[in-house]
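# Structural features, examined
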Amino acid sequence: MKSQQLWGNQKPKEKILFINLCQWKRIPAPQSTTHPVPLSVGRPEDMSETSDVYTVIDVACNPDILQAAEKDQVKKNQLIWMAMKCIEEKFQFTLSHFYHITNFKIKGSIQRMKQNLMGIQTDPTYLREKMRKGTNP
């Protein structure tokens, strides 16, 4: 009996990704222009609105870096590319390097973004329960 191995290409599942790029004073500025720019990358969160399904990832940097990027298009492009590279490396994602800057400031809520970047549980019921038991959240 003769068999044949068939290879097919399956396209990876494509989804819209929103990157919330924000400033955070806890992120240190780079030591110099030759040092890497520190970024904090939150975990990806799948969300949906009506029939649209998308992923949101929050990326925070030092306020000085974001302000410099707002004033200089080259620096802005570099910061966006760095954020995309960090996301690709951290989560083993393959991202399209074509992007569009939206008219809205944030996807999702600021509270969700803070929780994601800080990695803490801030549900009031959870906190009350922890306080009642005498443990730290």
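Residues numbered from 1 in each chain as written. Predicted model: local features only at pLDDT ≥ 70, side-chain atom pairs only at ≥ 80, totals over all residues. Heavy atoms only, no water.

Before going further, it helps to spend a moment on the pattern of salt bridges. Note on pairing: side chains with opposite charge can pair once their charged atoms come close. All told, the structure shown has 5 salt bridges when counted by the stated rule. Notably, a salt bridge pairs R112 with D58, separated by 3.0 Å at the nearest N-O pair. You can see R112 sitting in helix α3 (residues 110–118) and its partner D58 sitting in strand β4 (residues 52–61), a full 54 residues away along the chain. Note on D58: relative accessible area 0%, which makes it buried. (Salt bridge = Lys/Arg side-chain N within 4 Å of Asp/Glu carboxyl O. Helix = DSSP H or I, 4+ residues; strand = E, 2+ residues; numbered from the N terminus. Buried < 20%, exposed > 50% of the residue type's maximum accessible area, 1.4 Å probe, protein only.)

Our next topic: the confidence of the model for the protein chain. Per-chain confidence: the protein chain averages 80 in pLDDT, with 77% of residues scoring 70 or above. Below pLDDT 50 for its whole length, residues 1–5 participates in 0 contacts with residues either more than four positions away or in separate chains. Scored below 50 in pLDDT, residues 120–137 shows 11 contacts in the model against residues more than four places distant or in partner chains. (pLDDT = per-residue confidence, 0-100. Contact = heavy atoms within 4.5 Å.)

Of all hydrophobic cores here, the largest spans 14 residues; its most connected members are L39, V41, I57, V59, C61, L79 and I87. Elements supplying a minimum of two residues to this core: β2 (39–41), β4, α1 (63–71) and α2 (73–91). In terms of residue count, the dominant contributor to this core is α2 (5 residues). Non-local contacts of I87, meaning those with residues more than four positions away in its chain, are made with I19, V41, I57, V59, Q92, F93 and L95. Counting residues in hydrophobic clusters, the runner-up holds 5 residues, among them C22, I27, A60 and M113. (Core = buried A, V, L, I, M, F, W, Y, C linked by side-chain atoms within 4.5 Å.)

Right, let's get into α1. Looking only at α1, the buried set comprises P63, I65, L66 and A69. Mapping the buried residues of α1 onto a view down its axis gives an arc of 165 degrees, with all of them on the same face. Among the exposed residues of α1, those oriented more than 90 degrees off its buried face are D64 and K71. Next to the buried residues of α1 lie β1 (16–23), β4 and α2. Sitting at the amino-terminal end of α1 is N62, which places a side-chain oxygen 2.8 Å from the backbone nitrogen of D64. (Arc of directions from axis to C-beta. Polar contact = N/O pair within 3.5 Å; in protein donor to acceptor, adjacent residues only side chain to side chain.)

What follows deals with the packing of aromatic side chains. According to the stated counting rule, one finds 3 aromatic pairs in the structure shown. An angle of 50 degrees between the planes, with centres 5.8 Å apart, marks the rings of F18 and F104 as tilted. Residue F18 is located in strand β1, and its partner F104 is located in the loop between α2 and α3; the two are separated by 86 residues in the primary sequence. Over the ring of F18 we find K107, and its NZ or CZ is 4.7 Å from the ring centre. (Phe/Tyr/Trp six-rings, centres within 6.5 Å; stacked < 30°, edge-to-face > 60°. Lys NZ or Arg CZ within 6 Å of the ring centre and 35° of its normal.)

A few words now on the packing of α1 against α2. Between α1 and α2, the shortest axis-to-axis distance is 5 Å and the interhelical angle comes to 130 degrees. Regarding the angle of α1 to α2, the classification is oblique. Of the two possible hands of crossing, α1 and α2 adopt the one that is left-handed. On α2, the residues that touch I65, L66, A68, A69, E70 and K71 of α1 are Q73, K75, K76 and L79. Looking at the contact of α1 with α2, its residues break down into 5 nonpolar, 1 polar and 4 charged. (Axes fitted to C-alpha atoms, helices over the stretch in contact; angles between N-to-C directions. Parallel < 35°, antiparallel > 145°, perpendicular 65-115°, else oblique. Left-handed = near helix turned anticlockwise from the far one by under 90°. Nonpolar A, V, L, I, M, F, W, Y, C, P; charged D, E, K, R; others polar.)

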